[in-house]
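Structural overview
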Amino acid sequence: MYRLALLFTLLAPTALFADTLTIPLGNQGADLDTSNLPHKGQSKRSVLERFGLADEEHKPVGQPPITRWDYREFSVYFEYDHVINSVRHHQPRHLDTVKE
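Residues numbered from 1 in each chain as written. Predicted model: local features only at pLDDT ≥ 70, side-chain atom pairs only at ≥ 80, totals over all residues. Heavy atoms only, no water.

Looking only at helices and strands, one finds two helices and four strands in the protein. Traced from its N-terminal end to its C-terminal end, the protein shows the element sequence α-α-β-β-β-β. Sorting the 100 residues of the protein into buried and exposed places 16% on the buried side. Long-range contacts, defined as pairs at least 24 residues apart, comprise 30% of the intrachain contacts of the protein with a sequence gap of at least 6. For the protein, the exposed surface amounts to about 8,800 Å²; the carbon and sulfur share of it is 57%. (Helix = DSSP H or I, 4+ residues; strand = E, 2+ residues; numbered from the N terminus. Buried < 20%, exposed > 50% of the residue type's maximum accessible area, 1.4 Å probe, protein only. Contact = heavy atoms within 4.5 Å. Areas by Shrake-Rupley, 256 points an atom, 1.4 Å probe, with all protein chains shown as cover.)

Spatially, four strands are ordered β1-β2-β3-β4 in an open sheet, and the strand pairing comes out antiparallel. Looking at which strands have only one partner, the edges of the open sheet turn out to be β1 (56-57) and β4 (82-88). Sheet topology note: the strand β2 (residues 66-70)/strand β3 (residues 74-79) ladder contains five bridges and is antiparallel. Looking across to β3, one finds that Ile66 is bridged to Glu79. (Pairing = 2+ DSSP bridges.)

This next bit is on the nonpolar core. Leu37, Val47, Ala54, Trp69, Tyr71, Phe74, Val76, Phe78 and Val83 together form the largest nonpolar core, which totals nine residues. When near neighbours in sequence (up to four residues on either side) are disregarded, Tyr71 contacts Val47, Phe51, Gly52, Leu53, Ala54, Asp55, Val76 and His89. (Core = buried A, V, L, I, M, F, W, Y, C linked by side-chain atoms within 4.5 Å.)

This part takes up the environment of Glu79. Mapping Glu79 onto the fold places it in strand β3. In this structure the C-alpha to C-alpha distance between Glu79 and Arg68, which are 11 residues apart in sequence, comes to 9.1 Å. Residue contacts for Glu79: discarding those within four places in its chain leaves Pro64, Pro65, Ile66 and Ile84.

Attention now goes to the confidence of the model for the protein. Confidence in the prediction for the protein averages 81 pLDDT; 71% of positions are at 70 or higher. Looking over the protein, one finds the lowest element-wise mean pLDDT in helix α1 (residues 2-16), namely 70, and the highest in β2, namely 97. (pLDDT = per-residue confidence, 0-100.)

Put into structure tokens, the structure is as follows:
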């Protein structure tokens, strides 16, 4: 009982100094243009013709085989020979560009 009371006494003041971080979900990704990424259903050949060789090609994994091609700014996921998803890589913003 004594230890439990001591634990609450030590942890209570830390909650008073905690900050709340609010992330507006509606604004996430608003400035990203996904129209220039490969679209679902495109063939590997069409992705290769439009974007060139990937920086890294990962071997197929699982069944059905899922392959990933990594480009500088995005990754493309293939099931067999067709795109199932394209994902833009996170680009961290520098502290000097953040407006307060």
